[in-house]
Amino acid sequence: MLKPRYAISLDIASVYKVRARVPRHGWGWAIATIREWPRGGQIDVQSDFGNYAYAWTAIGDRTLREFLCGLNFDYFMNKAFPGYREFDEEKTIRTIKADIFQLVRDGRIDREIAHEWRDELDLCADTGSEHMFAERLMTHDWFSKLYDTYPPIEMRDSPQARAFWHGPWAALCSHWRAETAAIAA
């Protein structure tokens, strides 16, 4: 017989289901489960914009719902969806091209060389991967004339994270504000 190694207990949580009513007012769905305890709580969200989860153990005297409604995008995403920043290849290429043509303005290379470098840079594109892009870029002889180490990599917020934040998350926060105001009254 298996020896009991884990204690199992039952707890109560609140489940909030969000679904867009009218397509022109947004779209998407989410199921948010929150479990609150004094000075903390946890949230688990499954949605068509990804899954978000985190537990806070020191939120002060407010409810978890009040705490969640006061968070900003970056703080929440860093906790609940850490991979929300993604490689922006187009912006990275624009940045590197600007660096190349700054060398022309500084008189360190001529325009013909800058155009050669720019064309080689364009061949590094369409990787969809920060590391593959950097690997391709660093094979060019001119790379070390432009940078000492790793190339400047530009990042952007994941479109799915932004869509979640402005859609289901905004609806949840609006509902929680009304809910906590009604309880306080």
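Everything discussed here concerns the structure shown above.
Everything in this summary refers to the structure shown in the same document. Values in this document were obtained by computation on a predicted structure and should not be read as measured data.

Our focus in this paragraph is the overall build of the protein. Secondary structure assignment for the protein yields seven helices and six strands. Written out in order from the N terminus, the α and β elements of the protein read β-β-β-β-α-α-β-α-α-α-α-β-α. Taking the principal axes of the C-alpha coordinates as reference, the protein spans close to 70 × 55 × 30 Å. Out of the 185 residues in the protein, the part that is buried amounts to 35%. For the protein, long-range pairs separated by at least 24 residues make up 51% of all intrachain contacts whose partners lie at least 6 apart in sequence. For the protein, the exposed area adds up to about 12,000 Å²; of that, 52% sits on carbon and sulfur atoms.

Strand order across the open sheet formed by four strands is 1-2-3-4, with antiparallel pairing between neighbours. Because the sheet does not close on itself, it has two edges, and the strands there are strand 1 (14–19) and strand 4 (50–56). Across the sheet, the mean angle separating the axes of adjacent strands is 15° when strand polarity is ignored. Bridging between strand 3 (residues 40–47) and strand 4 involves seven bridges; their strand directions are antiparallel. For Asp44, the partnering residue across the bridge sits in strand 4 and is Ala53.

Turning next to the packing of helix 3 (residues 89–105) against helix 4 (residues 111–123). Running from N to C, helix 3 and helix 4 cross one another at 165°; their axes reach a closest spacing of 9 Å. Taken together, the axis directions place helix 3 and helix 4 in an arrangement best described as roughly antiparallel. The crossing of helix 3 and helix 4 is right-handed. Taking contact as the criterion, the partners of Ile93, Ile96, Lys97, Ile100, Phe101, Leu103 and Val104 in helix 3 are, on helix 4, Arg111, Ala114, His115, Trp117, Arg118, Leu121 and Asp122. For the contact of helix 3 with helix 4, a count of residues per class yields nine nonpolar, one polar and four charged.

Before going further, it helps to examine the packing of aromatic side chains. Taken as a whole and assessed by the stated rule, the structure comprises 16 aromatic pairs. An angle of 45° between the planes, with centres 4.6 Å apart, marks the rings of Tyr52 and Phe81 as tilted. You can see Tyr52 sitting in strand 4 and its partner Phe81 sitting in the loop between helix 2 (73–80) and strand 5 (85–87), a full 29 residues away along the chain. When sorted by exposure, Tyr52 lands in the same class as Phe81, which is buried. Taken together, the ring pairs in this structure connect Tyr16, Tyr52, Phe73, Phe76, Phe81, Tyr84, Phe164, Trp165, Trp169 and Trp176 into an aromatic cluster. Residue placement shows Arg162 over the ring face of Phe73; its charged tip is 3.5 Å from the ring centre.

Our focus in this paragraph is the nonpolar core. In terms of nonpolar packing, the biggest core is built from 29 residues, with Tyr52, Leu68, Phe76, Met77, Trp169 and Trp176 touching the most fellow members. Breaking this core down by element, the ones donating at least two residues are strand 1, strand 2 (29–37), strand 3, strand 4, helix 1 (64–69), helix 2 and helix 7 (159–184). Here this core takes seven residues from helix 7, the largest share from any one element. Counting 19 residues, the second-largest nonpolar core is a separate cluster that includes Phe101, Val104, Ala114 and Cys124.

Conventions used here
Residues numbered from 1 in each chain as written. Predicted model: local features only at pLDDT ≥ 70, side-chain atom pairs only at ≥ 80, totals over all residues. Heavy atoms only, no water. Helix = DSSP H or I, 4+ residues; strand = E, 2+ residues; numbered from the N terminus. Buried < 20%, exposed > 50% of the residue type's maximum accessible area, 1.4 Å probe, protein only. Contact = heavy atoms within 4.5 Å. Areas by Shrake-Rupley, 256 points an atom, 1.4 Å probe, with all protein chains shown as cover. Pairing = 2+ DSSP bridges. Axes fitted to C-alpha atoms, helices over the stretch in contact; angles between N-to-C directions. Parallel < 35°, antiparallel > 145°, perpendicular 65-115°, else oblique. Left-handed = near helix turned anticlockwise from the far one by under 90°. Nonpolar A, V, L, I, M, F, W, Y, C, P; charged D, E, K, R; others polar. Phe/Tyr/Trp six-rings, centres within 6.5 Å; stacked < 30°, edge-to-face > 60°. Lys NZ or Arg CZ within 6 Å of the ring centre and 35° of its normal. Core = buried A, V, L, I, M, F, W, Y, C linked by side-chain atoms within 4.5 Å.

Purely geometric stuff here, so don't read any function into it on its own.
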